[in-house]
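# Remarks on the overall topology
These are the residues of each chain, in order.
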Protein chains: 2
Amino acid sequence: MGAVDGIQGIRRGYKVSLPPALEAPNVQLVCGDATTAMDASDALAIQRSFSLTYGQPLVHLLPGKKSTGEKKLSPLRSVLCDAFAGRVGVVFCGRQSPGGHNIVAGLFDALKAHNPDNVLIGIVGGTDGLFAQKSVEITADVLAVYRNQGGYDLLGRTKDQIKSVQQVDDARAACEAMKLDGIVLIGGCGTSTDAAHLAENFAATECRTKVIAVPATIDGDLKNPFVETDVGFDTVCKVNSQLISNISTDALSAEKYYYFIRLMGRRASHVSLECALQSHPNMVILGEEVATSKMTLFDVTKQICDAIQARAEHEKYHGVILLPEGLIESIPEVYALLQEIHGLQKQDIEVEHIPTRLSPWASALFEFLPPFIKKQFLLDRESDDSVQLSQIETEKLLCQLVETEMTRRTKAGSYKGKKFNGICHFFGYQARGSLPSNFDCTYANALGHIAFHLASAGLNGYMATVTNLKESVDQWRCGGAPITAMMSVKRWQRGPGVSQIGKPAVHSARVDLKGKPYELLSQNASALLMDDLYRNPGPLQFDGPGADLKTITLSVEDRDYIGRIQELRSYLDKVKDIIKPGCPEEILKAALSSMASVTEVLSVMSSPGYRNLTPF
Amino acid sequence: MGAVDGIQGIRRGYKVSLPPALEAPNVQLVCGDATTAMDASDALAIQRSFSLTYGQPLVHLLPGKKSTGEKKLSPLRSVLCDAFAGRVGVVFCGRQSPGGHNIVAGLFDALKAHNPDNVLIGIVGGTDGLFAQKSVEITADVLAVYRNQGGYDLLGRTKDQIKSVQQVDDARAACEAMKLDGIVLIGGCGTSTDAAHLAENFAATECRTKVIAVPATIDGDLKNPFVETDVGFDTVCKVNSQLISNISTDALSAEKYYYFIRLMGRRASHVSLECALQSHPNMVILGEEVATSKMTLFDVTKQICDAIQARAEHEKYHGVILLPEGLIESIPEVYALLQEIHGLQKQDIEVEHIPTRLSPWASALFEFLPPFIKKQFLLDRESDDSVQLSQIETEKLLCQLVETEMTRRTKAGSYKGKKFNGICHFFGYQARGSLPSNFDCTYANALGHIAFHLASAGLNGYMATVTNLKESVDQWRCGGAPITAMMSVKRWQRGPGVSQIGKPAVHSARVDLKGKPYELLSQNASALLMDDLYRNPGPLQFDGPGADLKTITLSVEDRDYIGRIQELRSYLDKVKDIIKPGCPEEILKAALSSMASVTEVLSVMSSPGYRNLTPF
């Protein structure tokens, strides 16, 4: 007893595959186009905040010996990383996400492969540890224990932010004291934003440390053309889906309970959407749907009650309903109430006086809520000023409201079925500490390798990226993108999801209600609701069939932005090739007219006014 | 979408191994010794209640072609099951337990293999369905969908009991109407007791249906010399252990929360003990320990607070504490309060008046409890009159009491560490609906086969049994034991675990505080508490290394009662062989003197007064 054995031990020995670009002793780093902002209207604001790091080029990693892609990409420069000798630091900045340890392992392997004298410094205790300059040199022996293991306990984590002037100064002082050539920050949207600011600050102060971010968050909301998914999302969705399916099986066996399951995932509903696609519950209510339709708490309750009533008419008195933890904040009236409470908290009003200081309508809603929810609404905010969503028992609130409404309907004679029985669950902590899936192990390891190559090439303010992830590892594209290219500026004042108004940030991507994963769900929503098509994806498997399945989201989204950028460039090159000085005039004319029209269409589409911005 | 695929589909095709005795087309059924009561002092009471079915012999299943074991076992009779032609019914009587569907599958396979005209009747909707004579013929096609799948949704379940005279009469009427030669009841202790009574009633009324029970309960508390473990226990412990381990990893990464995890498992703490052995949490408080030490609610709180304080002195502010759901009832003062409430409920006192009718000391405890627990204590009982343990949030109660006590200690200056932060979990429903483990699939399937052989041999009031389970399948011993041999009579009035005072029943076996699994835990308790030796057994695996691991309980208990009975018989036979008429007188004398002394020792040890009975 005490010794680690069994599957945990076996996983230590799991050999992750490497994308071909990272296998070579000589990895070639090739620069692509200079980047811009995702929304043209934000470009100026972002450029103003990041004058030194804005507009840097995309970079691609290619196997060192081949030189194929090079011509097509018209490289600005090419660096051979094995020249690098130095020290790189790594810090866990976000919440623990399965696979995090493999980022460190990949980083270590690449760093040592290129020069055994290179040193990897682990920052102990997250950002607080960084400010306090607590560190440890990571060795192969120590790392061996953490390979393919869950959690962040190799180094730990704390507050997860580098925001204030003092914090940035402390971080710089630490990097200088530790003589770091590069520092790798592992985290989600907040961490990426911090990394961009840190990179800009380091560039301005001529600190030699290069800042690289790696996307790891179970919420899966750090998502943009360059980042297809985050380390940990795959595992967490699989573990949650198994549990939801088990509950569904239970519901179907006993036929007497409605299970209300809240899922961790913060403001965005990616986890809930993926889990719904995996496990086919009767119902899932995404925060994005509620916000877009501006539903009230009563609307949401009514929607659930109507579903229960419809099922009762078919003699069904059981069911499974998924609720993302961000749902509560997505209900506009609740969001407004939470904002008022937050405003009062900021004025240091004591918690017991807050209810009396609310506006009349906020007060009316507050008084309507059950005591346990009132208490949870009054909790202090997270360190990043967001609501402590994990502590608000939305599932209990809705279960209680549904029970009240079903009792009312029964008394009024409009519902004639059996008594409603609800059981509540919250799945979060039990998934995010899981042993990582094969996919997360492999993805994280590749990102770690890439982070080393980016830092060693002297790139600053970049995110390590792997794209074309839906395909097999040998087709993955490795590279880096400037974090500023993932930033946007939010301008609206009201509505869920607002943060840092007017300041550029990497924002949490919400579920795209026009995207394929959501389309797949909505096409099947009524069948799922009525026909109990429960599916059990089974427990996370490491061996045998099913061990290498990817998330449905990743499979149906069909994302390959980087691949398409490269395809476009080859078209442009081809036009250039054809229209060389000396070509017939009619061909030149045709090209001119075609390109003028293409250019005009694209200009209009890229103009600030064209894109219809919505809160999601 | 909608179609079942992936791991769920793959599991349908999983081929379970059969113990050698069940593989043959000709299975031989051999009778062993007549059985007695486990406790000699109960024998008379049991015999009085079961005059027709008490004292029946053990039976062993052996491969038909070999005849080895036969001589040693001196068979009373031997039956070739393939002569049987008829109809067998099957009903889910207990709560859903992973593997339940495989019992039906094994039953079906054996029944059809012996005669394709045999019919398996599934009772739809559990015991209520039996009373109402709702049934369906089970076909290979339908069954194919449910092989190796979790839940009981093939047939469903309801109230899970056959107790009253009316219920027994209805069950008999149903068996007669359906022309059943045998009926197989799948469930735990309550179901076994019901099966014994039903068998006795059927024998008395000359109903031709033979009653066979099969042990399936996630609680793992149907445990005696003949039953080493129950179908579902293996899976549920593995699923729970994974989740506990994930939480432990999380605790270790964030280093700021104490997780209070309540585990389903009803009155006995077998699930909690096994999960603790699997996952190594900091602390587990077994109901059996609390009841034996007669701890109060304050004692339990203090024990946890002292542990938190000891850890704080080593700068540790995180931890994982397991609590069996039966813990609350094991605290004598709480048990007494619950009994008083139950007494008042039976008098039809309205729920709002119950608190005012409590005895002074019970009232004092009740008033001390937080409102949510008060409400849960006043809930109606389960159909079997037991407390609705799954609805009592013991983890929240203890977390709250610990928080209060830690705050008091901080104010008093005796605790100087950081603020205590608790997070609560209840793991139950999300485990019991799981896809069954390889072990549970195999064990359940074997039991199903055996149930057919017992019924077809005309045995009545038997439990299907497989022993020597810790070894590989080819060494498993298959057979049947009269349920009356597993019964006992409880006589004490006070203390947890009382049921049917004075009536023979198959009682829930509690964790043996002198047994090896508990010894293993207690030897390591202080290291687990202080040193964070968290172990992650990983998610339930179906393939690859670790897929066929068994529970630690089963592995360390080293049970093989049936094997030892057989070994003893071979010694007795050997003595008989040696002392044949004509043997030298000195050898006869030596044998006489030795056997006289052995007989005397065993008589004294078996006398009613010898065994020191305790509530557990």
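Taking an unreviewed UniProt entry as the reference, chain A is identified by name as Probable ATP-dependent 6-phosphofructokinase belonging to Selaginella moellendorffii. One UniProt comment on chain A, placed under Sequence similarities (unreviewed entry), says "Belongs to the phosphofructokinase type A (PFKA) family. PPi-dependent PFK group II subfamily. Clade 'Long' sub-subfamily."

Along chain A, the regular secondary structure elements total 25 helices and 16 strands. Taking 2.2 N^0.38 as the reference for a compact globule, 616 residues should give roughly 25 Å; the C-alpha atoms of chain A span a radius of gyration of 26 Å, in line with that estimate. The C-alpha extent of chain A, read off along each of the three principal axes, is 85 × 75 × 55 Å. Counting over 616 residues, chain A shows a buried share of 59%. On chain A, roughly 23,900 Å² of surface is accessible, and the fraction owed to carbon and sulfur atoms is 55%. Taken as two groups, the 63 positive and 69 negative side-chain charges of chain A have centres that lie 1 Å from each other.

Take the sheet that holds strand β10 (residues 283-284) of chain B next. Residue and element names in this part refer to chain B. Strand order in this open sheet of four strands is β10-β11-β9-β12, and the pairing throughout is parallel. Each end of this open sheet is capped by a strand with a single partner; those strands are β10 and β12 (422-427). As paired strands, β10 and strand β11 (residues 319-324) are joined by two bridges and run parallel to one another. For M283, the partnering residue across the bridge sits in β11 and is I321.

Time to look at a nonpolar patch on the surface. Residue and element names in this part refer to chain A. Taken together, the side chains of L568, L572, V575, M595, V598, V601, L602 and M605 make up a nonpolar region of the molecular surface, amounting to roughly 650 Å² of accessible area. When contributions to the nonpolar patch are tallied by element, the ones reaching two or more residues are α24 (561-578) and α25 (585-606). In terms of residue count, the dominant contributor to the nonpolar patch is α25 (five residues). Mapping V575 onto the fold places it in helix α24.

Turning to the relation of the copies chain B and chain A, a few remarks are in order. It takes a turn of 180° to lay chain B on chain A, together with a shift of 0.1 Å along the axis; the resulting RMSD is 0.2 Å. Such a combination of turn and shift is consistent with a two-fold rotation axis. A shared binding surface is used by both copies, with 100% of the interface residues of chain B retained as interface residues in chain A.

The next point concerns the packing of aromatic side chains. Inspection of every chain in the model, using the stated rule, returns 22 aromatic pairs over all chains. Ring geometry for Y443 of chain A versus W476 of chain A: centroids 6.4 Å apart, planes at 85°, classification edge-to-face. One end of the pair, Y443 of chain A, is in helix α21 (residues 438-456); the other, W476 of chain A, is in the loop between β13 (462-467) and β14 (477-482), and 33 residues separate them in sequence. On the basis of relative accessibility, which here comes to 1%, the residue Y443 of chain A falls in the buried class. In this structure an aromatic cluster arises from ring pairing among Y257 and Y259 of chain A together with F426 and Y429 of chain B. When the ring centre of Y14 of chain A is taken as origin, the NZ or CZ atom of R11 of chain A, which lies over that ring, is 4.2 Å away.

Time to look at the interface of chain B and chain A. At the junction of the two partners, chain B supplies 59 residues and chain A supplies 59 residues. With both chains or domains summed, chain B and chain A bury close to 4,900 Å², and 57% of this area falls on carbon and sulfur atoms. Taking the shortest distance from any N to any O, the salt bridge between E393 of chain B and K396 of chain A comes out at 3.2 Å. Across the chain B-chain A interface, the total number found is 20 residue pairs in polar contact (both at pLDDT 80 or more). Elements with a minimum of two residues in the side of chain B that touches chain A: α1 (6-12), α10 (233-254), α11 (270-279), β12, α20 (429-432) and α22 (516-531) of chain B. Take the side of chain B that touches chain A: its biggest share by element is 10 residues, from α10 of chain B. Split by residue class, the side of chain B that touches chain A holds 27 nonpolar, 22 polar and 10 charged.

What follows covers helix α19 (residues 394-412) of chain B. All names here are of chain B. Between the first and last C-alpha of α19 there are 27 Å, a value that for 19 residues agrees with the 27 Å anticipated at 1.5 Å per step. Turning to α19, its buried residues number three or more, namely T394, E395, L397, L398, C399, L401, V402, E405, M406 and R409. Phi turns positive, to about 85°, at G413, one or two residues after α19.

Turning next to the side chain of D221 of chain A. Residues and elements named next belong to chain A. Turning to its location among the elements, D221 is positioned in the loop between β8 (210-215) and α10 (233-254). R510 provides the closest opposite charge to the buried, salt-bridge-free D221, at an N-O distance of 6.0 Å. Residues in contact with D221, not counting those within four places in the same chain, are C189, D230, A268, H270, H507, S508 and A509.

Below, the discussion takes up the domain arrangement of chain A. By the assigned domains, chain A splits into domain 1 (233-329 + 392-431 + 512-547) and domain 2 (561-606). Averaged C-alpha coordinates put domain 1 of chain A and domain 2 of chain A at centres separated by 49 Å.

Moving on to the pairing of strand β5 (residues 119-123) of chain B. Residues and elements named next belong to chain B. Burial runs high along β5: five of the five residues are buried. Of the two faces of β5, the one lined by V119, I121 and I123 and the one lined by L120 and G122 are each fully buried. Strand direction decides the pairing type here: strand β4 (residues 87-92) and β5, joined by four bridges, are parallel. Paired with V88 across the bridge in β5 is L120.

Time to look at the sheet that holds strand β9 (residues 258-263) of chain A. Sheet strands pair by backbone hydrogen bonding; their relative direction is either parallel or antiparallel. All names here are of chain A. An order of β10-β11-β9-β12 is seen for the four strands of this open sheet, with the pairing classed as parallel. Single-partner strands in this sheet number two, and they are β10 (283-284) and β12 (422-427). Alignment of β9 against β12, held across six bridges, turns out to be parallel. Its bridge partner being in β12, Y258 is matched across the sheet by G422.

Oppositely charged side chains may form a pair once their charged atoms are brought near each other. Residues and elements named next belong to chain A. The tally for this structure, following the rule as stated, stands at 47 salt bridges over all chains. For D306, the salt bridge goes to K302, with nearest N and O atoms at 3.0 Å. Here D306 pairs with K302, and both are found in helix α13 (residues 297-312), just four residues apart, close to one helical turn. You can call K302 partly exposed: its relative accessible area is 37%. A salt bridge links K346 to D385; the shortest N-O distance between them is 4.0 Å. Of this pair, K346 sits in helix α15 (residues 332-346) while D385 sits in the loop between α18 (371-377) and α19 (394-412), and the two are 39 residues apart along the sequence. Assessed through its relative accessible area of 38%, D385 is described here as partly exposed. The network of salt bridges with common partners includes K302, D306, E405, R408 and R409.

All names here are of chain A. Tracing the backbone through its elements, the reader meets D230 in the loop between β8 and α10. Notably, D230 is buried but unbridged: the nearest opposite-charge side chain belongs to K223, and the N-O separation is 8.0 Å. At a separation of 3.4 Å, a polar atom in the side chain of D230 contacts the main-chain amide nitrogen of D221. Residues in contact with D230, not counting those within four places in the same chain, are P215, A216, T217, G220, D221, L222, D440 and Y443.

Next up on the list: the packing of α13 of chain A against α19 of chain A. All names here are of chain A. At a minimum axis distance of 9 Å, the contact between α13 and α19 shows a crossing angle of 60°. Comparing their axes, α19 and α13 come out oblique. In this structure, α13 crosses over α19, and the sense of that crossing is right-handed. Across from L297, F298, V300, T301, K302, I304, C305, D306, I308 and Q309 in α13, the residues of α19 making contact are L397, L398, L401, V402, E405, M406 and R409. Residues that form the contact of α13 with α19 fall into these classes: 11 nonpolar, two polar and four charged.

Cut-offs used in this document
- Residues numbered from 1 in each chain as written.
- Chains lettered and ligands numbered in written order.
- Predicted model: local features only at pLDDT ≥ 70, side-chain atom pairs only at ≥ 80, totals over all residues.
- Heavy atoms only, no water.
- UniProt positions renumbered as here; feature names shortened; annotations may be inferred.
- Helix = DSSP H or I, 4+ residues; strand = E, 2+ residues; numbered from the N terminus.
- Rg over C-alpha atoms; globule rule 2.2 N^0.38 Å.
- Buried < 20%, exposed > 50% of the residue type's maximum accessible area, 1.4 Å probe, protein only.
- Areas by Shrake-Rupley, 256 points an atom, 1.4 Å probe, with all protein chains shown as cover.
- Lys, Arg positive; Asp, Glu negative; His and termini not counted.
- Charge placed at Lys NZ, Arg CZ, Asp CG, Glu CD.
- Pairing = 2+ DSSP bridges.
- Patch = residues over 30% accessible without salt bridge, like charges linked within 9 Å, V, L, I, M, F, W, Y side chains within 5 Å.
- Salt bridge = Lys/Arg side-chain N within 4 Å of Asp/Glu carboxyl O.
- Least-squares fit on C-alpha atoms with pLDDT ≥ 70 in both.
- Contact = heavy atoms within 4.5 Å.
- Phe/Tyr/Trp six-rings, centres within 6.5 Å; stacked < 30°, edge-to-face > 60°.
- Lys NZ or Arg CZ within 6 Å of the ring centre and 35° of its normal.
- Buried area = accessible area lost by both parts, 1.4 Å probe.
- Polar contact = N/O pair within 3.5 Å; in protein donor to acceptor, adjacent residues only side chain to side chain.
- Nonpolar A, V, L, I, M, F, W, Y, C, P; charged D, E, K, R; others polar.
- Expected span 1.5 Å × (residues − 1).
- Domains from an automatic or database assignment.
- Axes fitted to C-alpha atoms, helices over the stretch in contact; angles between N-to-C directions.
- Parallel < 35°, antiparallel > 145°, perpendicular 65-115°, else oblique.
- Left-handed = near helix turned anticlockwise from the far one by under 90°.

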